[in-house]
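Read off the chains here:
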Amino acid sequence: MTVKMVATCLFGLESLLGAEIDKLGCKRTETMDGRIYFEGNEHQLAAANIRLRFAERVYINMGEFEAYSFNDLFEGTRALEWENYIGMCDMFPVKGHAIRSKLFSVPDCQSIVKKAVVSRLSEKYGLKIFPEDSKVKYQIEFFIFKDKATLMIDTSGVPLHKRGYRIASGEAPLRETLAAAVASIARPSENTLFWDPFCGSGTIAIEAAMIATNQAPGLDRDFAAQSFAAFPESIWKEERSKALSEINMDSQFQAYASDIDADVLEKARENAERAGVADYIRFFEADARSIKKLDCRGTVACNPPYAGERLMEQKDAERLYRDMGKAFGDLAPWQIYILTSSENFERIYGARADKIRKLYNGMIPCRLYQYFKPKR
Ligand SMILES: C[S@@+](CC[C@H](N)C(=O)[O-])C[C@H]1O[C@@H](n2cnc3c(N)ncnc32)[C@H](O)[C@@H]1O
């Protein structure tokens, strides 16, 4: 069975997510800001949920059509084959977004979509009223962008950035998907020490260890589509055991994760244990300003406190960035990756980055400053 799918992601992660989708063997059909349309089969839908590190959710794409009026939205939605998934007693709530489109009232669109699905299923099942009393929930989502509607069913449930390991966190933790992106761009590998000197709850180091050991991010959690009749448990079992068998248990990967706050380190350690990567990460208390290069290859990847955020006043953050510039300047030839939303980071840090990548921490635009050469 061909399943049309949509995966959503934080803005800026589309190319990383696209490469992961290709690796699943799926066919990409369209990419736009924060979402990729692709095709695969039932197994690939399960694999997408279990394996995609950079996706927020995976949806079944029920269909797309132009919607300039409520009538277009109703007829377009009613024409889709909802009965292929939704049974007589299942729940099917509706939510969605409308952006830069003639149809802009989300509550109105919600009620039109609901009516259209009810109308379609009434015709198919011969029911007037749907009890929606089964435990299986098909969360319908519409996305109307520039007058084109995409109608979807969420297969992830809890968003995919919630891997399940981060019960405890410090202040301003990075979303796991963004931490995975920072880690992935820094290319964690066996023969290079990976160090996050502002580790907080440990997310970047944990995601780096999961990447280096080839551990799929969704192995320890459930997904909404596990209860869908079209995706029997055998598919999930098979895909989970395939992903499990691909973990590199003998990896020599090594990470350091340090922070100035002893309490947060305890939480980070627990998170790493829950994620199953504690053996690869050494957590310790240290001031990032006193970081010293060791006699090995190394990469530093971090997310220091942002200027202006709750954690730190502007002038304190600026002092910290200036001190970082001095301390990190001595680390060459180690590569350095610093994620921050601070506007004038390079000037304060005292060196121009060799490469900058624009990313988003939720809705906050930030940049990943990458240093590959000794400071000039
Ligand atoms: C934005 S948070 C990092 C969040 C982390 N990436 C996560 O996902 O949880 C910044 C961290 O830097 C730590 N910190 C602040 N000043 C520091 C310093 N001089 N040396 C080391 N850590 C510091 C804070 O305790 C905090 O945990």
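Residues numbered from 1 in each chain as written. Predicted model: local features only at pLDDT ≥ 70, side-chain atom pairs only at ≥ 80, totals over all residues. Heavy atoms only, no water.

### Section: the site of the ligand
Neighbouring residues of the ligand: 21 residues in total, closest Leu 174, Ser 201, Thr 203, Asp 259 and Ala 288. A distance of 2.5 Å separates an oxygen atom of the ligand from a polar side-chain atom of Ser 201. A total of 610 Å² of accessible area belongs to the ligand in isolation, and the protein chains cover 93% of it. When the residues that make up the shell around the ligand are grouped by side-chain class, the tally is 12 nonpolar, 4 polar and 5 charged. (Near = heavy atom within 4 Å. Polar contact = N/O pair within 3.5 Å; in protein donor to acceptor, adjacent residues only side chain to side chain. Areas by Shrake-Rupley, 256 points an atom, 1.4 Å probe, with all protein chains shown as cover. Nonpolar A, V, L, I, M, F, W, Y, C, P; charged D, E, K, R; others polar.)

### As for the nonpolar core
A general trend in soluble globular proteins is that nonpolar side chains are found buried together. If you look at the biggest cluster of nonpolar residues, it comprises 121 residues, and the most contacted ones within it are Leu 73, Trp 82, Leu 151, Ile 281 and Phe 328. Among the domains, domain 1 (3–154) and domain 2 (176–214 + 248–371) are the pair contributing at least three residues each to this core. Apart from the residues lying within four places of it in its own chain, the contact partners of Ile 281 are Ala 205, Ile 206, Ala 209, Ala 255, Ala 257 and Ala 272. With 6 residues, the next largest nonpolar core counts Val 6, Tyr 37, Phe 143 and Met 152 among its residues. (Core = buried A, V, L, I, M, F, W, Y, C linked by side-chain atoms within 4.5 Å. Buried < 20%, exposed > 50% of the residue type's maximum accessible area, 1.4 Å probe, protein only. Domains from an automatic or database assignment. Contact = heavy atoms within 4.5 Å.)

### Looking at the domain arrangement of the protein chain
According to the domain assignment, the protein chain contains domain 1 (3–154) and domain 2 (176–214 + 248–371). Taking only C-alpha atoms, the centre of domain 1 and the centre of domain 2 are 36 Å apart. Each side of the interface is counted separately: domain 1 has 10 residues, and domain 2 has 14 residues. When the buried area of domain 1 at its contact with domain 2 is split by residue, Leu 10, Phe 11 and Arg 53 rank highest and sum to 53% of it. Taken together, domain 1 and domain 2 are joined by 0 salt bridges. Inspection of the region where domain 1 meets domain 2 yields 2 residue pairs in polar contact (both at pLDDT 80 or more). (Buried area = accessible area lost by both parts, 1.4 Å probe. Salt bridge = Lys/Arg side-chain N within 4 Å of Asp/Glu carboxyl O.)

### Describing the sheet that holds strand β13 (residues 355–361)
An order of β10-β9-β8-β11-β12-β14-β13 is seen for the 7 strands of this open sheet, with the pairing classed as mixed. On the outer flanks of this sheet lie β10 (281–285) and β13, each paired with one strand and no other. For this sheet, the mean angle separating the axes of adjacent strands, direction not counted, is 20°. Direction of pairing for β13 relative to strand β14 (residues 364–371): antiparallel, over a ladder of 7 bridges. Within β14, the position partnered with Leu 359 by the bridge is Cys 366. Relative to the sheet, helix α6 (residues 203–212) contacts β8 (193–196), β9 (255–259), β10 and β11 (298–302), its axis offset from that of β8 by approximately 155°. (Pairing = 2+ DSSP bridges. Helix = DSSP H or I, 4+ residues; strand = E, 2+ residues; numbered from the N terminus. Axes fitted to C-alpha atoms, helices over the stretch in contact; angles between N-to-C directions.)

### A short note on the pairing of β9
Burial within β9 is extensive, with 5 of its 5 residues counted as buried. What you see with β9 is no split at all: Ala 255, Ala 257 and Asp 259 on one side and Tyr 256 and Ser 258 on the other are buried throughout. As paired strands, β8 and β9 are joined by 3 bridges and run parallel to one another. If you follow Phe 194 over to β9, its bridge partner there is Ala 255. Of the pairings in the sheet, the one linking β9 to β10 comprises 5 bridges and is parallel in character.

### A few points about unusual backbone geometry
The linkage connecting Ala 332 with the following residue, Pro 333, adopts the cis geometry, with an omega of 10°. Relative to the helices and strands, Pro 333 resides in the loop between α9 (314–329) and β12 (335–340). Here the phi dihedral of Arg 100 falls at roughly 45°; this positive angle occurs in a residue that is not glycine. With respect to the secondary-structure elements, Arg 100 resides in the loop between β5 (94–99) and α4 (106–125). Arg 100 gets classed as exposed once you look at its relative accessible area, which sits at 61%. Phi is positive for Arg 187, close to 50°, though the residue is something other than glycine. Tracing the sequence through the fold places Arg 187 in the loop between α5 (176–185) and β8.

### Description of the sheet that holds strand β7 (residues 148–154)
Pairing within the open sheet is mixed, and its 7 strands lie in the order β2-β3-β1-β4-β7-β6-β5. Across the chains shown, the open sheet's two edge strands, defined by having one partner strand only, are β2 (27–32) and β5. Strand after strand, the sheet turns through a mean of 30° between neighbouring axes, direction not considered. Here β2 pairs with strand β3 (residues 35–40) via 5 bridges, running antiparallel.

### Looking at α9
Along its 16 residues, α9 runs 22 Å from first to last C-alpha, staying within 8% of the 22 Å computed at 1.5 Å per residue. Among all positions in α9, only Ala 317, Leu 320, Tyr 321, Met 324, Gly 325, Ala 327 and Phe 328 are buried. On its buried face, α9 sits against β11, β12 and α10 (345–349). (Expected span 1.5 Å × (residues − 1).)

### Some points on the packing of α5 against α6
Running from amino to carboxyl end, α5 crosses α6 at an angle of 65°, the nearest separation of the two axes being 8 Å. Note on packing geometry: the crossing formed by α5 with α6 is right-handed. Between α5 and α6, the contacting residues are Glu 176, Ala 179, Ala 180, Val 182, Ala 183 and Ser 184 on the first element and Thr 203, Ile 204, Glu 207, Ala 208 and Ile 211 on the second. When its residues are assigned to classes, the contact of α5 with α6 shows 7 nonpolar, 2 polar and 2 charged. (Left-handed = near helix turned anticlockwise from the far one by under 90°.)

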